[in-house]
Amino acid sequence: MANFSDIKEHWAKDCIEKLADDEIISGYEDGTFKPDNSVTRAEFAAMLNKAFPDQPDIREGIEFEDVADDYWAYEVIQKAYRTGFLSGYQDKTFKPTQKIPRVQALVALSSGLKLDLIQPVDFTLEKTYLDDDQIPDYAKRMIAAATENGLVVNYPDVNFLKPEEFATRGEITTFLSQALLTAEEESSVPEDYLVKAVEIDDPAGEIRGVWLTNIDSDVLFSPTSVVEAIDSLSELNFNTLYPVVWNRGYTQFPSQVMKRVIDVELDPEPGLAERDVLQEIITQAKAKNMSVMPWFEFGFMVPQDSQILQSRPNWITSNQEGIPFVKEDDKFRVWLNPFNPQVQQFILDLVIEVVTKYDINGIQFDDHFGLPVELGYDEFTTQLYQRENDGKLPPTDPNDPDWVKWRADKITDFMMRLFWVVKDYKPNCIISLSPNPKSYAYDKYLQDWPSWERYGFVEELVLQVYRDDPKAFKADLEASEVLDAKVNIPVAVGILTGLKNKPVQLSAIKDQVAESRRRKFAGVSFFFYETLKSLAATEDGETTFSALFPETIERPEIIAASLPSVTIPELKLE
């Protein structure tokens, strides 16, 4: 047992003694520990090396200009750098004798241990610390993660982080003690000084959804298969269906809008023709107390052989070469021009038709409610851009930031209009969106969904996180815009159960559901029914899915009082 002469009344005594007994820290030859002395960056590197000797390297070492290879801390500094705990400065120095501030020590632990984030950074910091404005921008994310994971200790006032004050030896031992704490152990830090993050509320209810489509799936092609599917999903305690109602240039319900545009009111595919598939699903789902959210899968996209091209060729947009086709999933698709008021009205009319004719809980759009970045060079859009930009032509680079933003903002304006039109007809109709992660959605499809959510035009978010790499899966869940949305609306995780030529392991699905729950997401939705059905049909699959949802549960409630108050810009018909 360590017996330092100067810590008997010290607030960090228990942590100091524990780490000393574990030979992670040591005192001085005179029998003291000097708990209130500061710690240099080199000394901290040595402590990290002893505390986490088995931490794997994540990068190659670097030769710092102020750390000679015969310097006493050379090896521990190298190790702290290679494992990601500590970094150097832009001038290629490490500054080993510099006293380390509290913020640097906590950032180092957060970085090296790769701590998870569950809550929005600003929420955690603003709700937890009275001096959060003093936390440097570079450190905020890591400090929030350290706070959430219980590493932060503040003495004497738990509400003040004092980020730029130099860390004392006693404080460092408490940080390390918390970082080394196992789930079975009790903290050695006095309760009064252990920071506990203010937590967002746990989701009230859970989305348990599945997408039903007519692509690579037979589920919609007969009334019997619809009944069987909903019966089996009900038995597995699912509570939400996202059935496709618009894809391949047709609707899965009798549409007078489509009758007017192409003189075909229903998908003519054998098995779908002469049926109101949407109404069949609603009837069966309501009997099982399941919510129905019609899914406009194709958004502004149609097949290249769509009859819309023949009846409304001026609705189509193109790339710089005048080519209207974009290859997606080995098929060529054509995109309706989302900037054309006639196209906008067509989409609005389809949505209104569903909202007014059917007893639904909401509607959903996905990643196709945007536009591939290479498109938008048609005559209509070019002239519209010129009118709004002093006669300038659109940039030849489709990825030009201003050109991307101009088009993305136009789609945002339409999303705003659509939201309010739907609310005018049916105020309680939920507007759901299932996008790709932000960077891909915006850079590739001009879909600025974080702004849509921030403005209040999305009331439920089901993020497509179709990842087979656990690290990539977690990274998408920790994106700042995703964490921010969780505070405002129900955010669920879209999980892939497999594609036609891409099976998914049951263990991966189970792990992703568990990870989504651990991070306090509002539920999950599986893409898509056909592969879910195949997995659940096996003995292991039935056991797995039964265990995932052992009891029934309601969906999260959407609060109508949160509707945004924004002025809708007038759309000028040209």
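Because the structure is a prediction, the values reported are computed rather than measured. (Residues numbered from 1 in each chain as written. Predicted model: local features only at pLDDT ≥ 70, side-chain atom pairs only at ≥ 80, totals over all residues. Heavy atoms only, no water.)

Visitor: Quick question: what am I supposed to make of the sheet that holds strand β9 (residues 331-335) here?
Guide: Through backbone hydrogen bonds, the strands of a sheet pair up, either in parallel or in antiparallel fashion. Taken together, 3 strands build an open sheet; the order of strands is β7-β9-β8 and the sheet is antiparallel. Only two strands of the sheet have a single neighbouring strand rather than two, namely β7 (301-303) and β8 (325-328). Geometrically, the sheet is characterised by an average inter-axis angle of 45 degrees between neighbouring strands, direction not taken into account. Pairing between β8 and β9: 4 bridges, direction antiparallel. Its bridge partner being in β9, glutamate 328 is matched across the sheet by lysine 331. (Pairing = 2+ DSSP bridges. Helix = DSSP H or I, 4+ residues; strand = E, 2+ residues; numbered from the N terminus. Axes fitted to C-alpha atoms, helices over the stretch in contact; angles between N-to-C directions.)

Visitor: Looking at this structure, I do not really get helix α5 (residues 121-128). What am I missing?
Guide: For an α-helix the count is 3.6 residues per turn, leaving residues at separations of three or four pointing the same way. Three or more residues of α5 are buried, namely Val121, Phe123, Thr124, Leu125 and Thr128. Considering only its buried residues, α5 is in contact with α6 (140-148). (Buried < 20%, exposed > 50% of the residue type's maximum accessible area, 1.4 Å probe, protein only. Contact = heavy atoms within 4.5 Å.)

Visitor: Is there a simple way to think about the packing of aromatic side chains in this case?
Guide: Each aromatic ring pair is summarised here by two numbers: the centre-to-centre distance and the angle between the ring planes. As enumerated under the stated definition, the model contains 37 aromatic pairs in all. With centroids separated by 6.0 Å and ring planes inclined at 55 degrees, the aromatic side chains of phenylalanine 300 and phenylalanine 414 adopt a geometry described as tilted. Here phenylalanine 414 lies in helix α14 (residues 401-425) and phenylalanine 300 lies in the loop between β6 (295-296) and β7, a separation of 114 residues in the sequence. No difference in accessibility class separates phenylalanine 300 from phenylalanine 414, as the two residues are buried. Centre to centre, the rings of phenylalanine 365 and phenylalanine 369 are 4.4 Å apart; their planes meet at 35 degrees, and the pair counts as tilted. Exposure remark for phenylalanine 365: the relative accessible area of 1% places this residue in the buried category. (Phe/Tyr/Trp six-rings, centres within 6.5 Å; stacked < 30°, edge-to-face > 60°.)

Visitor: Looking at this model, I keep getting lost on the pattern of salt bridges. Mind explaining?
Guide: Oppositely charged side chains may form a pair once their charged atoms are brought near each other. If you walk through the whole model with that rule in mind, you get 30 salt bridges. Lysine 13 is paired through a salt bridge with glutamate 17; the nearest N and O atoms lie 3.2 Å apart. One end of the pair is lysine 13 and the other is glutamate 17, both in helix α1 (residues 13-21) and 4 residues apart, which spans about a single turn. Residues joined in a network through salt bridges with shared partners are Asp116, Arg141, Glu478, Glu515, Arg518 and Arg519. (Salt bridge = Lys/Arg side-chain N within 4 Å of Asp/Glu carboxyl O.)

Visitor: Looking at this model, I keep getting lost on the UniProt feature "domain: SLH" (unreviewed entry) in the protein. Mind explaining?
Guide: The UniProt record annotates "domain: SLH" (unreviewed entry) at residues 1-62, 63-123 and 126-190. Helix makes up 39% of residues 63-123 and strand 0%, with an end-to-end C-alpha separation of 39 Å. Between the first and last C-alpha atoms of residues 126-190 the distance is 23 Å; the span itself is 37% helix and 0% strand. (UniProt positions renumbered as here; feature names shortened; annotations may be inferred.)

Visitor: Can you walk me through the confidence of the model for the protein in this structure?
Guide: Predicted coordinates in areas of low pLDDT are best not read in detail. Looking at the protein, pLDDT values average 95 and 97% of them are 70 or higher. The model gives residues 566-574 a pLDDT under 50, and that stretch makes 16 contacts with residues more than four places away or in other chains. (pLDDT = per-residue confidence, 0-100.)

Visitor: For this particular structure, what's the right way to read a negative patch on the surface?
Guide: A cluster of acidic residues, Glu235, Glu539, Asp540 and Glu542, forms a negative patch at the surface. Here the element with the most residues in the negative patch is helix α21 (residues 539-548); it accounts for 3 residues. Its place among the elements puts glutamate 235 in helix α8 (residues 223-235). (Patch = residues over 30% accessible without salt bridge, like charges linked within 9 Å, V, L, I, M, F, W, Y side chains within 5 Å. Areas by Shrake-Rupley, 256 points an atom, 1.4 Å probe, with all protein chains shown as cover. Lys, Arg positive; Asp, Glu negative; His and termini not counted. Charge placed at Lys NZ, Arg CZ, Asp CG, Glu CD.)

Visitor: Honestly, the sheet that holds strand β13 (residues 491-496) in this entry has me stumped. Any pointers?
Guide: Read across the open sheet, the 9 strands follow the order β5-β2-β1-β16-β13-β12-β11-β10-β6; overall the sheet is parallel. Of all the strands in the sheet, just β5 (291-292) and β6 have a single pairing partner and so form its edges. Summarising the sheet, strand β10 (residues 362-366) and strand β11 (residues 430-434) pair through 5 bridges and their orientation is parallel. Its bridge partner lying in β11, glutamine 364 is registered against serine 432.

Visitor: Whenever I open this one, the side chain of aspartate 116 confuses me. Can you help?
Guide: Inspection of the secondary structure assignment puts aspartate 116 in the loop between α4 (102-113) and α5. Overall, the relative accessible area of 19% leaves aspartate 116 in the buried class. Reaching out from aspartate 116, the side chain makes a polar contact with the side chain of arginine 519 at a distance of 3.2 Å. Other than its neighbours up to four places away in sequence, aspartate 116 contacts Ala145, Glu148, Asn149, Glu478, Glu515, Arg518 and Arg519. (Polar contact = N/O pair within 3.5 Å; in protein donor to acceptor, adjacent residues only side chain to side chain.)

Visitor: Looking at this structure, how should I read α6?
Guide: Of the residues making up α6, those classed as buried are Ile143, Ala144, Ala145, Ala146 and Thr147. Residues of α6 that are buried sit in contact with α4 and α5. Phi turns positive one or two residues past the end of α6, at glycine 150, with a value near 75 degrees.

Visitor: How should the nonpolar core be read in this particular structure?
Guide: Soluble globular proteins tend to pack their nonpolar side chains together in the buried interior. Ile308, Phe346, Ile363, Leu418, Phe526 and Phe545 are the most contacted members of the largest nonpolar core, which has 122 residues in total. Top element by residues in this core is α14. It accounts for 12 residues. In contact with phenylalanine 346, not counting residues within four places along its chain, are Trp246, Val257, Met258, Val261, Ile308, Trp315 and Leu336. Of all hydrophobic cores here, the second largest spans 64 residues; its members include Ala2, Phe44, Tyr81 and Leu109. (Core = buried A, V, L, I, M, F, W, Y, C linked by side-chain atoms within 4.5 Å.)

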